[in-house]
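Here is what each chain is made of, one letter per residue.
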Amino acid sequence: MPDGTRPSRARRASPRSAAGAAGWIDPFSRREIKRLVAEFGSPLLIVDCERVRRQYHLLRRALPRVDLHYALKPMPHPAVINTIVELGGWLDLATTGEVELVARLGIDPARCIHTHPIKRDVDIRSALARGVRVFVADNPDEVQKFQAYGDQAELLLRVSFRSPGAVCDLSRKFGCDPEDLLSLARLAKRLGVPVRGLSFHVGSQAKDPGKHVEAIEACATLIAEARREKLGVFDTLDIGGGFPIDYGERAPTIQRFCAPIRAALAALPRRIRVIAEPGRFIVGPAAIGVASVMGRAKREGHWWYYLDDGLYGSYSGQLFDHARYPVEALVADEERLPSVLAGPTCDSIDVIAENLMLPQLQAGDLIVGRAMGAYTWASASEFNFFPKATVVSVNSVPGDTGTVMAIER
Ligand SMILES: *Cc1c(COP(=O)(O)O)cnc(C)c1O
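All of the points below concern the structure found in this document. Once a new chain begins, its residue numbering starts again from 1 and follows that chain's sequence as written. Predicted model: local features are reported for residues with pLDDT of at least 70 only, side-chain atom pairs are reported and counted for 80 or more only, and whole-chain, interface and lining totals are derived from all residues. Hydrogens and water molecules were not included; the side-chain quantities draw on all heavy atoms of the structure.

With that settled, consider the packing of aromatic side chains. Stacked, edge-to-face and tilted labels apply to pairs of Phe, Tyr and Trp rings (six-membered ring for Trp) whose centres lie within 6.5 Å, assigned for plane angles under 30 degrees, over 60, and everything in between, in that order. Evaluated as defined, the whole model comprises eight aromatic pairs. Ring centres of F135 and F146 lie 5.2 Å apart, and the angle between their planes is 55°; this geometry places the pair in the tilted category. Pair noted here: F135 is in strand β5 (residues 134-137) and F146 is in the loop between α6 (140-145) and β6 (154-158), with a separation of eleven residues, a long-range link. According to the relative accessible area criterion, F146 is buried, its value standing at 0%. Cluster of aromatic residues (ring-pair linked, three or more members): Y247, Y315 and Y325. Seen from the ring of W90, R273 lies directly overhead, with NZ or CZ sitting 4.7 Å from the centre. The helix count covers DSSP runs of H or I at least four residues long, the strand count covers runs of E at least two residues long, and both are numbered beginning at the N terminus. Throughout, exposure labels follow a simple rule: accessible area from a 1.4 Å probe, protein chains only, divided by the maximum for the residue type, with under 20% read as buried, over 50% as exposed, and the rest as partly exposed. Working rule: Lys NZ or Arg CZ, within 6 Å of ring centre, within 35 degrees of ring normal, means a charge sits over the ring.

Given below as structure tokens:
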């Protein structure tokens, strides 16, 4: 099983471990998957809060002294958000909907930063009204928007470091050129908008830590120049997300991935508070998708299995996030035949995997997709009126064997 998906009962460091291992279940075991489907139906997305905790602790150990702001975007589910906050973690919000969600959960806004570089005035006002203080800007127009709020808001200026190697290069759409950073900081100062520091996001599912290191070093230079010019406090560096997980291919362990990042951060002046915005790493390995075979047909000699979840649902990440989820059938191993897994909609692109070796399946058999916590359910639609998977969270507290929470926006 990939590194990120092992249960963590024995090694957990949170105070809850005192509650006793008996209160925790492994919802990714065959038996629990079947029980959850019997109880909550299909398709399901099973989120294991214990694995969320484990991922959080792994990243904490890999990046000591870095405050982790979980980015809600990949999986904005209350069970995940609450789990992070209970561990002492922080949050990264990007939209008014996300601000309203954490407000409904009663979370201290001081634990949240708002990192969308482009906002409407109403988004800024509603976040401020909820008590969020730190925002991101990356261009003069956006800095200008904060002139009216200079006494309530502080900025992180987002710098762009292109990352053609990342699966999703987030520095093309957002971030200012490093050469333009100082003039942006001067504008903020002129308008009376306090600048707290810099941020970047090198892109999601980074192949190697090289871009993080390059960006940290470049930001250190920019911060030193900005302080020399007295352009603001510049005591914060936000190193974004991008930390990779195992899909079909193995990613480096997070300890190894972060080693050069730790070294680069160690060279920063001590007064700089470093924060990060992990999304995928926290939640990706913490959920599986469970779909059922609705029907099957033999076409040109191969079995086609039509599932109740597909590319318009939880597997939407195969399109939007360029991910490939490892899938397996939850039936006793027997002879395997080349098979096709298709989604339920009438669209011909709605095919999850072809040339997959699977045992012969029948209607009602279960298909499990691994590492499906990030950018899956979040980008699912209800095209053709096939409902999105029900999200069941497990292990939010000891004895939580499955909870479905309504998520209204
Ligand atoms: C999407 C996003 C993240 C999360 O990135 P991951 O690669 O999933 O860790 C963090 N910060 C910002 C600003 C984002 O847009």
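Structure shown, so let's carry the discussion forward.
What follows deals with the pairing of strand β15 (residues 366-369). Walk down a regular strand and you will see the side chains alternate between the two sheet faces. Residues L366 and V368 line one face of β15 and the alternating positions I367 and G369 line the opposite face, and both faces are buried. Two strands pair if DSSP finds at least two bridges between them. Judged from the four bridges that link them, strand β10 (residues 287-299) and β15 form a sheet pairing that is antiparallel. Note on β15: the bridge partner recorded for G289 is G369. Bridge count for strand β12 (residues 327-329) against β15 is three bridges, and the pairing is antiparallel. From the neighbouring strand, A329 faces β15, where its bridge partner is I367.

Let us look at the packing of helix α2 (residues 49-62) against helix α3 (residues 78-86). With axes taken as lines fitted to C-alpha atoms, and helix axes fitted only over the stretch in contact, angles between N-to-C directions fall between 0 and 180 degrees. Look at α2 against α3: their axes get within 10 Å of each other, and the N-to-C directions meet at 45°. With respect to α3, the element α2 is oriented oblique. Here α2 and α3 pass one another in a crossing that is right-handed. Residues C49, V52, R53 and Y56 of α2 form the contact with α3, whose own contacting residues are A79, V80, T83 and I84. In this classification, Asp, Glu, Lys and Arg are treated as charged, Ala, Val, Leu, Ile, Met, Phe, Trp, Tyr, Cys and Pro as nonpolar, and every other residue, Gly included, as polar. Here the contact of α2 with α3 is composed, by residue class, of six nonpolar, one polar and one charged. In these notes the angle categories are as follows: under 35 degrees is roughly parallel, over 145 is roughly antiparallel, 65 to 115 is roughly perpendicular, and the rest is oblique. Less than a right angle of anticlockwise turn of the near helix away from the far helix marks a crossing as left-handed, whereas a clockwise turn marks it as right-handed. Contacts are assigned to residue pairs with any non-hydrogen atoms lying within 4.5 Å of each other.

Let us now look at the pairing of strand β9 (residues 273-276). Relative to β9, strand β2 (residues 66-71) runs parallel, the two sharing three bridges. Note on β9: the bridge partner recorded for L68 is A276. Bridge count for strand β8 (residues 236-238) against β9 is three bridges, and the pairing is parallel. Paired with L237 across the bridge in β9 is V274. Once the chain exits β8 it traverses helix α9 (residues 254-266) before rejoining the sheet at β9, and the crossover so formed is right-handed. Here a crossover is taken to be right-handed if, once the strands point away from the viewer, the path from the first strand over the helix to the second is traced clockwise.

With that settled, consider a positive patch on the surface. For patch detection, residues must exceed 30% relative accessible area and be free of salt bridges, and they are connected within 9 Å for like charges or within 5 Å for nonpolar side chains (Val, Leu, Ile, Met, Phe, Trp, Tyr). All accessible areas in this document rest on Shrake-Rupley with a 1.4 Å probe, and a residue is counted as covered only by the protein chains that are shown. In the sections that follow, a salt bridge refers to a side-chain nitrogen of Lys or Arg positioned within 4 Å of a carboxyl oxygen of Asp or Glu. Charge counting follows a simple rule: Lys and Arg are positive, Asp and Glu are negative, and His as well as the terminal groups are ignored. A charged residue contributes its charge at one atom only: NZ of Lys, CZ of Arg, CG of Asp or CD of Glu. Among the surface-exposed residues, K189, R227, K230 and R271 lie close enough to one another that they form a single positively charged patch. Considering the arrangement of structural elements, one finds K230 in the loop between α8 (210-228) and β8.

Here we take up the pattern of salt bridges. The final tally for this structure, using the stated rule, is 20 salt bridges. Here R51 and D48 are joined by a salt bridge, their closest N and O atoms 2.6 Å apart. With respect to class, R51 is no different from D48; both count as buried. A salt bridge links R370 to E328; its shortest N-O distance comes to 3.0 Å. Placement of R370 in the loop between β15 and β16 (390-394) and of E328 in strand β12 is noted, with a sequence separation of 42 residues between them. Among the ionic contacts, a cluster of salt bridges with common partners joins R31, E32, R35 and E39.

Within the fold, S199 resides in strand β7 (residues 195-199). Looking at S199, the relative accessible area reads 2%, which means it is buried. Leaving out residues up to four positions away in the same chain, S199 has contacts with V136, L156, L157, R158, V159 and D238.

A separate point is the environment of I245. Mapping I245 onto the fold places it in the loop between β8 and α9. C-alpha separation for the pair I245 and F200, spaced 45 residues apart in sequence, amounts to 20 Å. When near neighbours in sequence (up to four residues on either side) are disregarded, I245 contacts Q205, A251, R280, F281, G284, P285 and A371.

By themselves, these are just geometric observations and shouldn't be taken as functional.
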